[in-house]
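What follows is the residue order along each chain.
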Amino acid sequence: MTDVQELPADPDSGPRAARPGRRPVIAGLGMTELGKVYGRSPAQFAAEAVRLAVADAGVALADVDGLLTSSGVTGGVSVDLQRELGLTDLRLLTHMQAYGSTAGSMVQYASMAVASGLASVVACVFADSPLRPDRGSSAIYGTRHAGSGWWGLLGASGVVGANPMYALAARRHMERYGTTTEQLGHIAVAQRAWAGLNPAAQLRDPITLADHQASRWIAEPFRLLDCCLVSNGGIAILVTTAERAAAMRPPPVPVLGWAQCHPGHYLRRSPDFGLVSGAATAGPAALAMAGVQLSDVDVVQLYDCYTFTVLLSLEDYGFCAKGEGGPFAASGVLGPGGKLLLNTGGGQLSGYYMWGMTPLSEAIIQARGSAGARQAAAHDIILVSGNGGVLDHHATLVLGSPAVMR
Amino acid sequence: MNVGPVNRDEATSEFFDGTAAGQFLLRRCPDGHYSEPAVAQCTTCRAADLAFVPAAGGASLVSWTVIWPKAAAAAAEPVVLVIAEFDEGPWWWSQLIGADPAGLAVGARLALDFQAADAEHESVPVFRLAD
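What counts, and at which threshold
Residues numbered from 1 in each chain as written. Chains lettered and ligands numbered in written order. Predicted model: local features only at pLDDT ≥ 70, side-chain atom pairs only at ≥ 80, totals over all residues. Heavy atoms only, no water. Pairing = 2+ DSSP bridges. Helix = DSSP H or I, 4+ residues; strand = E, 2+ residues; numbered from the N terminus. Axes fitted to C-alpha atoms, helices over the stretch in contact; angles between N-to-C directions. Contact = heavy atoms within 4.5 Å. Buried area = accessible area lost by both parts, 1.4 Å probe. Salt bridge = Lys/Arg side-chain N within 4 Å of Asp/Glu carboxyl O. Polar contact = N/O pair within 3.5 Å; in protein donor to acceptor, adjacent residues only side chain to side chain. Nonpolar A, V, L, I, M, F, W, Y, C, P; charged D, E, K, R; others polar. Expected span 1.5 Å × (residues − 1). Buried < 20%, exposed > 50% of the residue type's maximum accessible area, 1.4 Å probe, protein only.

(A) Structural detail: the sheet that holds strand E1 (residues 24–31) of chain A. Residue and element names in this part refer to chain A. Here nine strands make up an open sheet; going across it, the order is E3-E2-E4-E7-E1-E8-E11-E10-E9 and the pairing mixed. Looking at strand neighbours, the two that pair on one side only are strand E3 (92–95) and strand E9 (299–301), the edges of this open sheet. Between one strand axis and the next, the sheet turns by 25° as a mean value, whatever way the strands run. The pairing of E1 with strand E8 (residues 253–261) spans two bridges and is antiparallel. In the strand pairing of E8, Ile26 is matched with Val253. Packing against the sheet, helix H1 (residues 42–57) makes contact with E1, strand E4 (121–128) and strand E7 (233–241), and its axis sits at approximately 125° to E1. In the packing of helix H10 (residues 279–290) onto the sheet, the strands contacted are E8, strand E10 (381–388) and strand E11 (393–400), and the crossing angle to E8 comes to about 145°.

Have a look at this one:
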């Protein structure tokens, strides 16, 4: 971003500012059943996810002394989750909301909390249950704003939900750089192929570029297969210190670097709209904190509410030049066997839609080396993005494999 | 598709007085910078004392999307939504009426129009291709 001051690359920033034993790691991952899972509230999914994360780490619920909560479109998850879980004397408790960037941000605050000694085992959880058996997913995110004031005016004008806003962003990129719907389709096809290797993915049948091109228009230039799923469920992770994690069961996944960028132009004139996102600022800052280069990254998990979000993020992180995201996506680098290991669980397009927990959970699975048929051979440095609003909020994480700890 | 119903509130009262009179009110600060009507301070210099002033009416096309109805409602017409840039600088998001989206290009000249869902609700700014 031209109007954001770059942070200097401080070799002692972030986790490296803490003594080694205090450095943050992810030591637990809990995923409920995801997808068309009915009859449970967001709070119930959230509580189950935290219990699963605690069990995964091999600790007791009472060991959790910090809790960060995040809710989706239906709300229902809050600091009240403490009571639901019977957690007492917490040393950290906050509800967070920066939309799709929240999961990444939760890891950042939890990491700072454990590195500073504020808390020692912090659970971060997201849950949502917008799907009901009696209505389609389009009814959920397409709800009109209340019919008064500025929001009412936007809705009355026909600008309802995320689809038109992201479509307007994508069209601007197409007009500026020549990006095509077929190029977007390559992203959808590649991620579906990855989903076929992920037992937790909701959509696992292969698709072709022709299938993408034949899928119905939602909001031009987006077809159905450019748009993410909607899922019910919950995902929680545990962030703790390296020394606490040494006594826990799973191999610890170190949090090596982090950054955020919130450009702040929503519904304002923005020369960058659709062309550059906060990833262009957050990406280099997070990599600098981790002390690694983009060329060191083995696996990439990018937030993919739409195929276009992936394409723009690839450019902004520097995997290709600005404007070259379309040709890059179509060049054969994506999908199983490609040279860029991107969204290896199928992402939100084909895997499951748990906002920023989708890329984060797959990153943890890959870092641990437990991804089965889709496991990356090299998985020491993993880049994770979260994107919220209409490209308004961005969070970047750099995670490491357990081998990087040593 | 026509525009939907919308009611004024305290923050939008003066703006909808404008649309009722066929005007789109922008915000202008003492230094003459223009901002979108919903802002609380100037988007250029952050001045907080903003006046509502009518846009001259000229705008150009920044981006567009065509919203397609679900198959079940196939009889309904697709809706073209646009980002328009007023000649004064601010952007606005609304429908483009009466245009074939196949012929659109960035920079196309747009003109303001106004529609209301019915006589009980406020007049909503929309765009047409300029003559």
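Alright, that's what it looks like, and here's the rest.
(B) Representation of the interface of chain B and chain A. With 37 residues of chain B at the contact, the number on the chain A side is 30 residues. Together, the buried faces of chain B and chain A total about 3,000 Å²; carbon and sulfur atoms form 65% of this surface. The largest per-residue losses of area from chain B upon contact with chain A belong to B:Trp68, B:Trp91 and B:Trp93, which jointly make up 22% of the total buried on that side. Taken together, chain B and chain A are joined by one salt bridge. At the boundary of chain B with chain A, the tally comes to 13 residue pairs in polar contact (both at pLDDT 80 or more). Mapped by element, the contributors of at least two residues to the side of chain B that touches chain A are helix H1 (13–20), strand E4 (58–67), strand E5 (79–86), strand E6 (91–97) and strand E8 (123–129) of chain B. In terms of residue count, the dominant contributor to the side of chain B that touches chain A is E4(B) (six residues). Each residue belonging to the side of chain B that touches chain A can be placed in one class, and the counts come to 24 nonpolar, nine polar and four charged.

(C) Structural context of H10(A). All names here are of chain A. A rise of 1.5 Å per residue sets the reference length of H10, with its twelve residues, at 16 Å; its end C-alpha atoms lie 16 Å apart and thus fit the reference within 8%. Among the twelve residues of H10, nine are classified as buried, and the element is accordingly described as predominantly covered. Of all the positions in H10, only Ala279, Ala280, Thr281, Ala282, Gly283, Ala286, Leu287, Met289 and Ala290 are classed as buried. Close packing links the buried residues of H10 with E8, helix H11 (307–317), E10 and E11. Positive phi shows up at Gly291, right after H10, with a value of about 75°.

None of the figures reported here should be taken as evidence of function without further support.
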